[in-house]
Every structure is written in C-alpha cells, then in structure tokens.
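Residues per chain, in single letters:
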Amino acid sequence: MEDLTSYPLELTGPDIPMVRFLNVRKSYGELIVLDNLNLDISPNEMVTIIGPSGSGKTTVLRMLMTLETIGGGVIYVDGKPLTHMPKNGALVPADARYLRKARSSIGMCFQHFNLFPHMTALQNCMEGPVQVLGLSGREARERAEELLMMVGMIDKKDQHPSRLSGGQQQRVAIARALAMRPKVMLFDEVTSALDPEVIGEVTNVIRDLTTRHSLTMLMVTHQMGFARDISDRVCFFFGGKIEEQDSPDELFSNPKSKRTQQFLSAVKAAD
Ligand SMILES: Nc1ncnc2c1ncn2[C@@H]1O[C@H](COP(=O)(O)OP(=O)(O)OP(=O)(O)O)[C@@H](O)[C@H]1O
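Residues numbered from 1 in each chain as written. Predicted model: local features only at pLDDT ≥ 70, side-chain atom pairs only at ≥ 80, totals over all residues.

**Q** For this particular structure, what's the right way to read the packing of helix 3 (residues 121-131) against helix 5 (residues 166-178)?
**A** To describe two helices that pack against each other, one gives the angle between their axes and the distance between the axes. Interhelical geometry of helix 3 versus helix 5 gives an angle of 25 degrees and a closest axis separation of 8 Å. By the angle between their directions, the pair helix 3 and helix 5 is classed as roughly parallel. Where helix 3 crosses over helix 5, the handedness of that crossing is right-handed. Across from Ala121, Asn124, Cys125 and Gly128 in helix 3, the residues of helix 5 making contact are Val172, Ala175 and Arg176. (Axes fitted to C-alpha atoms, helices over the stretch in contact; angles between N-to-C directions. Helix = DSSP H or I, 4+ residues; strand = E, 2+ residues; numbered from the N terminus. Parallel < 35°, antiparallel > 145°, perpendicular 65-115°, else oblique. Left-handed = near helix turned anticlockwise from the far one by under 90°. Contact = placed C-beta atoms within 7 Å.)

Take a look at the structure:
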C-alpha cells in the first residue's frame, strides 16, 4: 500500500485550489489509465479536458465522483481530502460514510440524462434536496423552480421526462445537479447524445453558468468550438497524462506539443 504520510491532511493557505489531483494513479489490470496526474482547478474556474478516445478523460470525472477507487495519490476538494480521510493524524482510504458526505460536494451531468422517469421535471429537481439535504418541501420547491427558470424549463416543470426533448431533459438534469448546491460541477459529453438542433440550448445554459454564476466546473467534450468558447483553461490529455494545458486561444491557435497539433488537425479534418 502507498505510504500516505507525505500527503497533507488538508490544504491550507490563502490560494487553495477548489480541486487538486495529487499524483493520482488509476489502472485496470495492466492498463495504466491515469499516470501520476497532477491537476489543480481554481475556485470559479472552467477547465475543459480534450483528447483522444481512451486517454482517461472520463476516468478523471469518475474519480471525482468517487465512482472509481483510486490506485494512488489523493484528490482534494475545497482543501479537504475526497478520496481519503484523516485518522490518527494520517490519511487512510475513505470509508463509505465519509465518501457519501464528500461526494455531495460534486454535481455531475452525463451524456445520458438519467432523470427519474416517473417524476416530473420539478420532482426530479426536488428529490435530492429533500431526501439527501433534508430541505422542507417548500424550500426544495423554491430552489427547484428558481433553477428550472434559470435553464428555461419553468413552463415544463410538470412534464415527465418522456414528454421532453433530449435538450430539454438535459437542461432539467443540469438544474437537478445544481439543486444540490455542489462546489464543483462536472459535465461529461453532455451534448453527445443530442440531436444537432438542440445542442445550442444546452451549451447556452452551460455558457450562462460560466458568465453569470460563480461555480467551479470541469468538462469533457469533443466539441472543440464550445471548449474554446467557454473555457478558462483547456487540458489536452494523452495516455493518462496532461500533455499540454493552456488558455483556449493559445492551445487551439498555437499548440506546442506535436501530439496536440496532430490531435487538433485530425479533429479539424473530421469536422
Ligand atoms: N471499468 C473498466 N475496466 C477496464 N478498463 C476500463 C474501464 N473503464 C475504462 N477503461 C479503459 O480505460 C481507458 C480510459 O477510459 P476513459 O473512458 O477514461 O477514456 P476517454 O478518454 O474518456 O475516452 P472516450 O473519449 O472514448 O470517452 C480506456 O482504454 C478504457 O477502455
């Protein structure tokens, strides 16, 4: 087992990142998926991960959601360890109770919306705040209505998911994740399963979040134009590592690494 004594029990100081991956490793058998990953995300920063298929992009998000066990290193959120917990003055792997609480600081939207089919849009957004956060029905309803308004879905609040388009369902899924007041929002290919004509309504909601709301966000996308448009920083992943990271303008206009150049040319040629 890894010696964790050199890892801080918590991050302190004036400029602590909202998210820190510290030497994070993940393998499936022989396959190394994340190779000593170090990544900091500042409060209110929007970071996008791009890269070829199999480079570990989704694994990064799944590790932050604690859907995967960690093979090495520690992830911190808002200064506190996410994957580990302090015990007798040292970090040890987090138990289920600690993980359940720690994970509530992370919100996620997937390619497939996973709304509860038997609940209306409003009920979908109220469920977590009532069941997990213990809000009263009235408080949860107010919060849900405010968020459905923000994503432009208030007039459809009493519809079930089967009566909504893919874009509308994804907007409800975003509102549902935000209703838990996460510290960090993750977006994994949220437009991939959508018809082209409704992609804009979802990207507009995410763009709105970056400009009007202070929220730390990490996104995986294959839509380079969108990544360029809304990110503060873009990380190009290759083989489970960050090959290159920069501001979107710099990374897309002036990529330094050969692998980034090749990837961006291939994506452009396929467009
Ligand atoms: N549960 C698993 N068991 C075994 N291998 C896995 C598992 N999950 C992911 N992998 C492998 O880990 C590697 C990274 O997967 P990941 O989904 O993070 O890649 P990605 O960059 O998001 O790819 P894509 O763009 O195709 O979604 C891939 O080679 C994948 O096959």
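**Q** I keep staring at the nonpolar core and nothing clicks. Help me out?
**A** General note: in soluble globular proteins, nonpolar side chains tend to be found buried as a group. One finds Ile75, Val77, Cys125, Leu148, Ala175 and Leu186 to be the most contacted residues of the largest nonpolar core, which totals 73 residues. The leading source of residues in this core is helix 5, at six residues. Look past the residues within four positions of alanine 175 in its chain and what remains in contact with it is Cys125, Leu147, Leu148, Met150, Val151 and Met153. (Core = buried A, V, L, I, M, F, W, Y, C linked by C-beta atoms within 7 Å. Buried ≥ 20, exposed ≤ 12 C-beta atoms within 10 Å, placed from the backbone.)

**Q** Can you help me understand the pairing of strand 9 (residues 184-188) in this one?
**A** Put simply, side chains in a regular strand alternate between the two faces of the sheet. Along strand 9, five of the five residues are buried, which leaves the element largely enclosed by surrounding structure. Here strand 9 shows no split at all, with Val184, Leu186 and Asp188 on one side and Met185 and Phe187 on the other all buried. Pairing of strand 8 (residues 106-109) with strand 9 involves four bridges; the strand directions are parallel. Among the inter-strand pairings, isoleucine 106 is bridged to a residue of strand 9, identified as valine 184. (Pairing = 2+ DSSP bridges.)

**Q** How do you make sense of the sheet that holds strand 10 (residues 216-220) when you look at a structure like this?
**A** Sheets are built from strands that pair by backbone hydrogen bonding, the pairs being arranged parallel or antiparallel. Across the sheet, six strands lie side by side as 8-9-10-3-11-12; this open sheet has mixed pairing. Two strands in the sheet have a free side with no partner beyond their single neighbour: strand 8 and strand 12 (241-246). Each strand axis lies, on average, 20 degrees off the axis of its neighbour in the sheet, ignoring direction. Across five bridges, the pairing between strand 9 and strand 10 is parallel. Within strand 10, the residue paired with methionine 185 across the bridge is methionine 217. Lying on the sheet, helix 5 is in contact with strand 8 and strand 9; it crosses strand 8 at an angle near 175 degrees.

**Q** What is the right way to look at unusual backbone geometry in this model?
**A** Negative phi values dominate among residues other than glycine, just as trans dominates among peptide bonds. Of note, asparagine 44 is a non-glycine position whose phi angle comes to about 70 degrees, a positive value. Position of asparagine 44 among the secondary structure elements: in the loop between strand 2 (31-41) and strand 3 (46-50). Of note in the backbone geometry, glutamate 189 takes a positive phi value of approximately 50 degrees without being a glycine. Look at glutamate 189 and you get partly exposed, because 19 C-beta atoms sit within 10 Å.

**Q** I would appreciate a short explanation of the UniProt feature "domain: ABC transporter" (unreviewed entry) in the protein in the present structure.
**A** UniProt marks residues 19-264 with the feature "domain: ABC transporter" (unreviewed entry), using the numbering shown here. Its end C-alpha atoms 27 Å apart, residues 19-264 is made of 37% helix and 28% strand. (UniProt positions renumbered as here; feature names shortened; annotations may be inferred.)

**Q** Can you walk me through the sheet that holds strand 4 (residues 72-77) in this structure?
**A** The four strands lie next to each other as 2-1-4-5, forming an open sheet whose pairing is antiparallel. Both outer strands of the open sheet, strand 2 and strand 5 (80-81), are each paired with one neighbouring strand and no more. Where strand 4 lies against strand 5, two bridges are found, and the strand directions are antiparallel. Bridged to tyrosine 76 within strand 5 is proline 81.

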